[in-house]
Every structure is written in C-alpha cells, then in structure tokens.
Amino acid sequence: MIKRKEIAEKSYWIGKVDDRKVPFHRLTLEKGTTYNSYLLDTEEPTIIDTVDILYGREYVENLQEHTDLNSIKYIVINHVEPDHAGALPALINKTKNATIVTTEKGKELLKDMFRLKDKKYLVVRDGDKLDIGGKILHFYETPYLHTEETMITYCEEDKILYPCDIFSTHIANEELFNDLATNDITEDFKVYYKLIMHPHRPYVRDMLKKLKNLDIDMIAPSHGYILRNNPEKYIKLYDEMSDVGNINKNGLILFTSMTGNTAKIAQNISKGLENLNINTDIINAKNTDMEVIKEKAEKADVIFIGTSTRYADMIGNIEYILNELIKLDLSDKFGVAFGSYGWSGEGVEIINDYIRKSNMTLLDKSYLIKTTGVDDVDLPLRVKFTPNEDSKAICVKVGKTVGEVLLSN
Ligand SMILES: Cc1cc2nc3c(=O)[nH]c(=O)nc-3n(C[C@H](O)[C@H](O)[C@H](O)COP(=O)(O)O)c2cc1C
Ligand SMILES: [Fe+2]
Ligand SMILES: [Fe+2]
C-alpha cells in the first residue's frame, strides 16, 4: 500500500488498490477497483470513508505510520456498505477521540452492522456544515445513491466533492488522477453508472440539483480515478444518462371489486404513478370490453391487476381476462398483482401465478430487492378490507416505486 498521496493542501488519499478480479454485486470486476479513503489533516483531522472490510487491518497499520490515530477527530461515513465502511471497526477501536459523522439512517445501520453502539456519533442532515479547523465540510443527503443512508461531502476551501460511490469507476490504478490515466475511462465510468446508479435514476436528478450550487474543482469518489481534469464532463454525463425528460411511460391498472375496496387501492396506486408523470388508465374489468382491455394492455409498460378474494378465489371476470392476456406478447411489460382481502387473500396470489405464466416480468418484492435494493415495499400489494390512511400511503408508495422502476428501464 502507498502510504499517502496528496490531493490538495493537507488533504490526502489513504486508500487501497485492489487489483484482483473482485467479486461484487453478482459481477466480477475484471479490472479490479480501488477503495478511496481520504485524510484531511487539519487542526481536527478528519477521515472521509474507509476501505473494504478485507483490508481493515492493513489500512489502519498504514495510517498509523504517518498519523497519530488519537488525533483523529472525525470519521465521515458517506455510505455504510462494507467496501467503504468495512474498515471502520478496526479504525474506531484505535482512534479513541473520533466521532463518526453520518446520516440518521447511517447511524442506525452502523450500529446494527458493525455493532458500533457505544461510539460517538454526529448525525448530519442535508446542508449541514462542520468546521474541522482549517476547512469546512458541507454534507448533502443523497438517498438511494445507491442505498438509503447515503450522503456526499463537499470541502469548501479545496472545492473538492467527496461523493463516495457516485461518480466512481471500477478500475484498479496507481495513477490516482484521471489526467494521468493511460486509457480513456469514459466507457468504464458509464458502465459503472448504468450498473449502480441508473436503477435509482430519479434520485440522481435530485443529487444533481444539489450540486448546482457548488463550485467543484475536483471529484474524489470512492472507487477508481479522482476526477481533477474536467469534473464538469462527468457531472454532465450523469445529467445526460439520467435525463427522464424524453421518456414517456404508460401504466394500466385493471381491477375488479365487490364493495369498492380494491378500487380504492387502484386509485392510490395511480396517484404514485401520476406523481412521476406516468400516464395511467384505471379500468374496472366488470364494465369493460375485452378488446379495449387488450388495446390498453399492449400500450402499457406496466399492468397492475387487482382483485379481492371471495371464497378463496379471484372475483368476477378477472380469470377470463387473465386467460386472454396471457395469449398476448407482453414480454416488454411488467406485471404487478394487488387486491383487498379479509383474512387469507388467495385472489392476489392467484393473479401473481398468472403473471408468472405470462411472458410479462413479474414485479414482486424479490425483483425489487434484486434490481434496486429496496426492501421495504411488499409486492404483490395486499390490503386488509377497506384501505385506511396508512394503507393508502402504502399504495401510493407502491405506485411511486414501480414508476421509478419503469423510468430506470
Ligand atoms: C362472500 C365473501 C367471501 C369472502 N371470502 C374471503 C376469503 O376467502 N378470503 C379472504 O381473505 N377474504 C374474503 N372475503 C373478504 C373480502 O375479500 C374483503 O371484504 C375485501 O375487502 C373486499 O374487497 P372489494 O370491495 O374490493 O371486493 C370475502 C368476502 C365476502 C363478501
Ligand atoms: Fe455501495
Ligand atoms: Fe462502493
């Protein structure tokens, strides 16, 4: 490991180059990666992110060679995943006076994941500042880029943005700065964006709005090259790749209902979709001609199909409709099941089976977790009896979450 490399006055890279073929998120990083950690050696020395859990001990030993660990005042954790926060337990045990700076959610996760319950925390919120004696840090929350707790850190004096995973590239390298790279990194930068950030595209837009107010000379991410030459180019690439302006998506919500409960669910799902400007048709299957349903289904990018449960089965003509729909080529569409029920809710599960039988992609909880990491949305959507305020909010959230999946595809 290289001991430390200066990136600005009193600011150093203290990371780890990992030139293995690194297993990561069901992929192999053929070009390896780096875990970039930074030390801001001010009057109140501050570390921004650490390195992968595998290299915790090596990282701390390296740091000890040039820095008195008891002098470390703050450890900023922008993102809790173990490739950046993994060396925190090893570090915090040797830095008696350090306070962990992170978001509220970050604190909760660190306590659970690394059992760091009795440590000192400073919880920061969007726009908060911290004077570290010679430099001022600004923090901005960037939820879901790419996990819920993430934030970015900006140093006012150096005009350096420390965005952790955002603006990263998986390439092991010793050159550190993009202007010293032997090959053009643009393609690798785009591939990284597509894999890690693109599924959270609406949040990329929110993050870019926050950057507009910052004067950025250098982007120091947590993987790959530090972007000191033309950082604007990389911000612009994120802007172009995440632009939803030209995207036109359609939703269809098809339901059947005895007493209006499932209809209420349908209306609230549609609110979530409409908030993202996804044109949505709500159709009561009972009153609608099959030809009209087919036409709308073919136009839609997502088809929600809802029923309540009556004697352990779906109700009305929904089974007939499903049998017609599965004959169509719906292979470029997502299918989602929903419905109200009383105690067992078989109807919703039977719709789920039909969607599986069709050539649609079943959008269920498992799909959401695997593609976006979102684990707090239950799909298929099941609501007991008449939706109340809480369950209505859940229905809106389902619409929004599914809409975000559409916009990211
Ligand atoms: C005749 C009848 C049979 C029912 N059977 C079931 C059942 O087997 N399992 C269940 O979970 N709920 C059952 N329910 C409850 C309904 O699914 C529940 O009231 C639901 O909220 C109705 O929604 P809807 O207004 O959208 O039709 C039954 C209700 C009725 C009236
Ligand atoms: Fe990550
Ligand atoms: Fe990462």
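Worth saying up front: this structure is predicted, and the values here are computed from it rather than measured.

Rules and cut-offs
Positions within a chain are numbered from 1, following the residues in the order the chain's sequence is written. Each chain takes a letter, starting from A, and each ligand takes a number, starting from 1, following the order in which they are written. Thresholds applied to this predicted model are a pLDDT of at least 70 for local features of residues and 80 or more for the giving and counting of side-chain atom pairs; totals over whole chains, interfaces and linings are not thresholded and use all residues. Under the scheme used here, helices are H or I runs from DSSP no shorter than 4 residues and strands are E runs no shorter than 2 residues, and both carry numbers assigned from the N terminus. Every C-beta atom is placed from the backbone, and the number of other C-beta atoms within 10 Å of a residue's own sets its class: buried at 20 or more, exposed at 12 or fewer, partly exposed in between. The contact rule is simple: place each C-beta atom from the backbone, and if two of them lie within 7 Å, those residues are in contact. Only the C-beta atom, placed from the backbone, is used; a residue is near a molecule or strand if that atom lies within 6 Å of it. Each residue is assigned to one of three groups, with Ala, Val, Leu, Ile, Met, Phe, Trp, Tyr, Cys and Pro labelled nonpolar, Asp, Glu, Lys and Arg labelled charged, and all others, Gly among them, labelled polar. A fitted line through C-alpha atoms represents every axis, and for helices the fit uses only the stretch in contact; the resulting angles, taken between N-to-C directions, go from 0 to 180 degrees. Take the far helix as your reference; a near helix turned counterclockwise from it by less than a right angle gives a left-handed crossing, and one turned clockwise gives a right-handed crossing. A pair of strands is considered paired only if DSSP assigns at least 2 bridges between the two. Arc definition: directions from the helix axis to the C-beta atoms. Take the buried Ala, Val, Leu, Ile, Met, Phe, Trp, Tyr and Cys residues, join any whose C-beta atoms are within 7 Å, and the set you get is a nonpolar core. Note on handedness: a crossover is taken as right-handed if, strands pointing away from the viewer, the path from the first strand over the helix to the second is clockwise. For the purposes of this description, domain bounds are those given by an automatic or database domain assignment.

**Student:** How should I be thinking about the overall build of the protein chain in this particular structure?
**Tutor:** The helix and strand inventory of the protein chain stands at 13 helices and 22 strands. With respect to the principal axes defined by its C-alpha atoms, the protein chain has extents near 75 × 45 × 40 Å. In the protein chain, which comprises 409 residues, the share counted as buried stands at 47%. Here the contacts in the protein chain between residues at least 6 apart in sequence split such that 71% fall between residues at least 24 apart.

**Student:** It is not clear to me how the site of ligand 1 should be interpreted in this structure. Could you clarify?
**Tutor:** By nearness alone, 18 residues border ligand 1, and Ser257, Met258, Thr262, Ser308 and Gly342 come closest of all. Within the residue set of the shell around ligand 1, elements represented by two or more residues are helix 8 (261-274) and strand 20 (334-341). Its residues placed into classes, the shell around ligand 1 shows six nonpolar, eleven polar and one charged.

**Student:** Can you walk me through the packing of helix 6 (residues 201-211) against helix 7 (residues 231-241) in this structure?
**Tutor:** Two numbers describe a pair of packed helices, the interaxial angle and the distance between the axes. With their axes 10 Å apart at the nearest point, helix 6 and helix 7 run at an angle of 145° to one another. The handedness of the crossing between helix 6 and helix 7 is left-handed. Along its contact with helix 6, which presents Val204, Leu208 and Leu211, the element helix 7 presents Ile235, Tyr238 and Asp239. Here the contact of helix 6 with helix 7 is composed, by residue class, of five nonpolar, no polar and one charged.

**Student:** Sorry if this is basic, but what is going on with the sheet that holds strand 16 (residues 218-219) here?
**Tutor:** Pairing between the strands of a sheet is mediated by backbone hydrogen bonds and can be parallel or antiparallel. Across the sheet, which stays open at both edges, the five strands sit in the order 12-13-14-15-16 with mixed pairing between neighbours. Single-partner strands in this sheet number two, and they are strand 12 (129-131) and strand 16. As defined by bridge partners, strand 14 (residues 151-155) adjoins strand 15 (residues 160-162) across three bridges and the pair is classed as antiparallel. Paired with threonine 153 across the two strands is tyrosine 162, which belongs to strand 15.

**Student:** Please clarify how the sheet that holds strand 7 (residues 38-40) should be interpreted in this entry.
**Tutor:** Judged by pairing direction, the sheet is mixed, and its seven strands sit side by side in the order 1-2-7-8-9-10-11 without closing on themselves. The two strands at the open ends of the sheet, each matched to only one other strand, are strand 1 (5-8) and strand 11 (120-123). Taking each pair of neighbouring strands and ignoring which way they run, the sheet shows an average axis angle of 25°. Alignment of strand 2 (residues 11-13) against strand 7, held across three bridges, turns out to be antiparallel. Among the inter-strand pairings, tryptophan 13 is bridged to a residue of strand 7, identified as tyrosine 38. Its contacts with the sheet place helix 4 (residues 104-114) against strand 10 (99-102) and strand 11, and it is angled at close to 125° to strand 10.

**Student:** Could you clarify how one ought to interpret helix 6 in this entry?
**Tutor:** Helical geometry: 3.6 residues make up each α-helical turn, so side chains three or four residues apart lie on a common side. Arg201, Tyr203, Val204, Met207 and Leu211 are the residues of helix 6 that are buried. Buried residues of helix 6, seen end-on, are gathered within an arc of 145° and therefore sit on one face of the element.

**Student:** Please clarify how the environment of valine 374 should be interpreted in this entry.
**Tutor:** Mapped onto the fold, valine 374 is located in the loop between helix 12 (365-372) and strand 22 (381-384). Once the C-alpha coordinates of valine 374 and threonine 401 are considered, the two residues, 27 residues apart in sequence, prove to be 8.8 Å apart.

**Student:** Teacher, can you tell me more about the nonpolar core here?
**Tutor:** Grouped burial of nonpolar side chains is what soluble globular proteins tend to show. By size, the foremost hydrophobic cluster in this structure holds 66 residues, and its most contacted members are Tyr38, Ile75, Ile77, Ala87, Ile152, Tyr162 and Ala220. Filtering out sequence-adjacent residues up to four positions away, isoleucine 75 remains in contact with Ile47, Leu88, Leu91, Ile92, Ala98, Ile100 and Val101. Residues Val302, Phe334, Ala337 and Leu381 belong to the second largest nonpolar core, which totals 44 residues.

**Student:** Teacher, can you tell me more about the pairing of strand 17 (residues 250-255) here?
**Tutor:** A regular strand places its side chains on the two faces of the sheet in alternate fashion. Among the six residues in strand 17, five count as buried, and that is most of the element. When strand 17 meets strand 18 (residues 279-284), the two strands line up parallel, connected through six bridges. If you follow leucine 254 over to strand 18, its bridge partner there is isoleucine 283. Remark: the strand 17/helix 8/strand 18 crossover connection has right-handed handedness.

**Student:** Would you mind showing me how to read the pairing of strand 1 here?
**Tutor:** Inspection of the sheet shows strand 1 paired to strand 2 by three bridges, in the antiparallel sense. If you follow alanine 8 over to strand 2, its bridge partner there is serine 11. Joining the antiparallel neighbours strand 1 and strand 2 is a turn of two residues, in which lysine 10 adopts a positive phi near 60°.

**Student:** I tried to follow the domain arrangement of the protein chain on my own but got confused; where do I start?
**Tutor:** Interfaces are often sized by the accessible area lost when the parts come together. Assigned domains within the protein chain: domain 1 (5-241) and domain 2 (250-401). Computed over C-alpha atoms only, the centres of domain 1 and domain 2 are separated by 40 Å.

**Student:** Help me understand unusual backbone geometry, please; the structure alone is not making it clear to me.
**Tutor:** Most of the time, phi is negative for any residue but glycine, and the peptide bond is trans. A cis amide bond links leucine 145 to the next residue, histidine 146, at an omega of -5°. If you trace the backbone, histidine 146 turns up in the loop between strand 13 (136-141) and strand 14. Residue leucine 379 is joined to proline 380 through a cis peptide bond whose omega torsion reads 0°. With respect to the element layout, proline 380 can be found in the loop between helix 12 and strand 22. With a phi angle near 60°, lysine 10 is a residue other than glycine that sits in the positive phi range. Note that lysine 10 resides in the loop between strand 1 and strand 2.

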